[in-house]
Amino acid sequence: MNWIPIVLFICRLSAFTGREVGDVSVDSPISRTAREIVAKGGDLEISGIFLSRNNTVVETHLGADIRLHCRIARDSVYGTISWFKNDTGMLRLLTVGDDTYISDSRVSVIRPVLSMNWSLQILGVVKLDEGEYICQSTTYPPSSIYVQLVVYEAYAEITGGREKVFKAGSRMQLTCTIKDITKPPSYIFWYHNSRMINYDGENGVTVGVSSLHSRTLVSQLTLDKLEIHQSGNYSCSPSLVRPDTVSVRVEARGEGQPEPVLNKGRSCYKLLSVAVLWFSMVYFKLLNFTHFSSSLFI
């Protein structure tokens, strides 16, 4: 039997598919896709057929919408892609292929036409959504990647005491620090009592917002030339974040009074008064003792 034609056919087939006999060559679809991602500046850590990185941590905060990505190499053999959640050692099936398996309407799989990314979408994240998620193929043996979802409870905190006192005509600045937030909120509203005042520019109101850094963002409310009627509660209320409120009292300024120190308590003035009283008592005691001592020698 002439084996030469058969050998030539196998060699041509190997060259056409880009695969070595019994192994995967560097020209396989997975390798080509990987090189394209790295060439574009991507950071890739392939786990089998997956192009999404394995053992990743995704951070979000309560109420936010989140997507966990599971990208598959095009033209690879992957079977059906499913999402699971690891609930204290028991796997709960969430999605199979393009279909959602559970009844929770917040959870769905998102895959645009011709896309190779099976994204698990969770709307309005709650604390119970925190945990380990697994994207798995039906190949034999099954291949999986793991994603750890961390859920924070973002909150706002206005700097300083709960009660603040200002003099009429002075300038007030309130600083609101938003902590444990994973992406900028859709809005940050400031309220005077129940009225939103972000756009009261004609009343001397300005609002500034910093960029997000280390899950922290800062908003500052400034009011120029306070008036008595601007006393009340001031609230910092970002979207999907627990708000914070302080009480502000604007007092009438007496004639000739100096400009007040903003956002400072009265403890320093009390301490100064006590110190003056103590030194006065010591002074008079020393004065009386000196007078008594001098009378003894007369």
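Please refer to the structure placed before this passage.
A. Looking closely at the sheet that holds strand β2 (residues 66–68). An order of β2-β7-β6 is seen for the 3 strands of this open sheet, with the pairing classed as antiparallel. On the outer flanks of this sheet lie β2 and β6 (107–110), each paired with one strand and no other. In this sheet, adjacent strand axes meet at a mean angle of 30° when their direction is disregarded. Of the pairings in the sheet, the one linking β6 to strand β7 (residues 119–122) comprises 4 bridges and is antiparallel in character. From the neighbouring strand, Ile110 faces β7, where its bridge partner is Ser119.

B. Summary view of the environment of Asn233. The residue Asn233 is located in strand β17 (residues 232–238) in this model. Each C-alpha atom, one on Asn233 and one on Asn193, is 4.9 Å from the other, the two residues being 40 residues apart in sequence.

C. Seen up close, the sheet that holds strand β10 (residues 155–158). The strand order β10-β12-β16-β15 describes an open sheet built from 4 strands, whose pairing is antiparallel. One side of each edge strand has no neighbouring strand; the edge strands of this open sheet are β10 and β15 (205–209). Taken pair by pair, the neighbouring strands of this sheet meet at an average axis angle of 20°, ignoring direction. Bridge analysis of β15 against strand β16 (residues 216–223) gives 5 bridges, and the strand direction is antiparallel. From the neighbouring strand, Val205 faces β16, where its bridge partner is Leu223.

D. Up close: unusual backbone geometry. For the bond running from Tyr140 to Pro141, omega is -5°, close enough to zero to count as cis. Relative to the assigned elements, Pro141 resides in the loop between β8 (131–136) and β9 (144–152). Despite not being glycine, Asp75 shows a phi value in the positive range, around 70°. For Asp75, the position within the fold is in the loop between β2 and β3 (82–87). According to the relative accessible area criterion, Asp75 is exposed, its value standing at 59%. Non-glycine residue Asn193 carries a positive phi angle of around 60°. By the element assignment, Asn193 lies in the loop between β13 (188–192) and β14 (195–196).

E. Quick look at the state of the cysteines. With the rule as written, the count across this model stands at 2 disulfides. The disulfide partner of Cys176 is Cys236, and the S-S distance across this bridge is 2.1 Å. Taking the torsion about the S-S bond as the criterion, the Cys176 to Cys236 disulfide, at about -80°, is left-handed. Pair noted here: Cys176 is in strand β12 (residues 172–179) and Cys236 is in strand β17, with a separation of 60 residues, a long-range link. Judged by its relative accessible area of 0%, Cys176 falls in the buried class. Numbered by position along the chain, the disulfide-linked cysteines of the protein chain connect as 1-2, 3-4.

F. Quick peek at the packing of aromatic side chains. One pass over the full model with this rule turns up 3 aromatic pairs. An aromatic cluster is defined as three or more aromatic residues linked by ring pairs; in this entry it consists of Tyr187, Phe189 and Tyr191. The cationic tip of Arg215 hangs over the ring face of Tyr152; the distance from NZ or CZ to the ring centre is 4.1 Å.

G. Looking closely at the pairing of β9. Pairing between strand β1 (residues 56–61) and β9: 6 bridges, direction parallel. Looking at the pairing, Val58 lines up with Leu149 of β9. Direction of pairing for β8 relative to β9: antiparallel, over a ladder of 6 bridges. From the neighbouring strand, Tyr133 faces β9, where its bridge partner is Val147.

Thresholds applied
Residues numbered from 1 in each chain as written. Predicted model: local features only at pLDDT ≥ 70, side-chain atom pairs only at ≥ 80, totals over all residues. Heavy atoms only, no water. Pairing = 2+ DSSP bridges. Helix = DSSP H or I, 4+ residues; strand = E, 2+ residues; numbered from the N terminus. Axes fitted to C-alpha atoms, helices over the stretch in contact; angles between N-to-C directions. Buried < 20%, exposed > 50% of the residue type's maximum accessible area, 1.4 Å probe, protein only. Disulfide = S-S within 2.5 Å. Phe/Tyr/Trp six-rings, centres within 6.5 Å; stacked < 30°, edge-to-face > 60°. Lys NZ or Arg CZ within 6 Å of the ring centre and 35° of its normal.

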